Amino acid sequence: MAFNADSSVTAQRIMETLDPNLVPRFGLLVSFLFAHPDAAPKLRGNGNIEIGSYDYLSRLAHKFVVSRAPKAPSPPSTIPNTMVEFILQHYFDVPQEELDRAVTLHKLSMGAENFVGEILERYIASIVECQNWVWCSGSIVKAVDFIQLNQDGTWVALQVKNRDNSENSSSSAIRTGTEIKK
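What you are looking at is a predicted structure, and each value in this text was computed from that prediction instead of being measured.

Details of the overall build of the protein
- Along the protein, the regular secondary structure elements total six helices and three strands.
- Walking the protein from its N terminus toward its C terminus, one meets helices and strands in the order α-α-α-α-α-β-β-β-α.
- Split into buried and exposed, the 182 residues of the protein put 34% on the buried side.
- Sequence separation of 24 or more characterises 54% of the internal contacts of the protein that already satisfy a separation of 6 or more.

Section: helix H2 (residues 23-35)
- Spanning 13 residues, H2 covers 18 Å between terminal C-alpha atoms, matching the ideal 18 Å at 1.5 Å per step.
- Turning to H2, its buried residues are Val 23, Phe 26, Gly 27, Leu 29, Val 30, Phe 32 and Leu 33.
- Those residues of H2 that are buried are in contact with helix H1 (7-18), helix H3 (54-66), strand E1 (133-135), strand E2 (146-149) and strand E3 (155-158).

Examining the pairing of E2
- Summarising the sheet, E1 and E2 pair through three bridges and their orientation is antiparallel. What sits directly across from Trp 133, in E2, is Gln 148.
- Alignment of E2 against E3, held across four bridges, turns out to be antiparallel. Following the sheet pairing, Phe 146 is matched in E3 by Leu 158.
- Between E2 and the antiparallel strand that follows it, E3, lie five residues; Gly 153 among them carries a positive phi value of about 90°.

Basis of the calculations
- Residues numbered from 1 in each chain as written.
- Predicted model: local features only at pLDDT ≥ 70, side-chain atom pairs only at ≥ 80, totals over all residues.
- Heavy atoms only, no water.
- Helix = DSSP H or I, 4+ residues; strand = E, 2+ residues; numbered from the N terminus.
- Buried < 20%, exposed > 50% of the residue type's maximum accessible area, 1.4 Å probe, protein only.
- Contact = heavy atoms within 4.5 Å.
- Expected span 1.5 Å × (residues − 1).
- Pairing = 2+ DSSP bridges.

In structure tokens form, the structure reads like this:
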């Protein structure tokens, strides 16, 4: 099963049970995925969840709602490369007794940087969602943060980048050959 003409109606019924205020936005988002099935993310779970299925739409709806709830930043759970300590000590003259703290502060700083993007999306959503834009909260559209359906039936897909956030090649490559605007 893939997305079909009834997917938006099914999505709206699912969203009605989760958050009635988000019904129109989620229905529009699923309509976008129907028009752009390559933008639909694969979901992990028990077995392969077929894109467009009822279970798939239910999980997307849940992610859409939960990701809109207020949240605080959290430190990355990645384990730093041992060379970071070596470089800090030998090239930046960080004393041995301060290395653990330096690595911890580095991780917290990385977590803060990641959270800046979250704050930016939330701020933009607070301004543009009343102008018929939909925030694709929960990363439920590949490489797209906001969508809008124009009056002529065409879609606009936007990926938001902080001006100070240098984009890596994989992030820009995902837009290649698409109409996603940065």
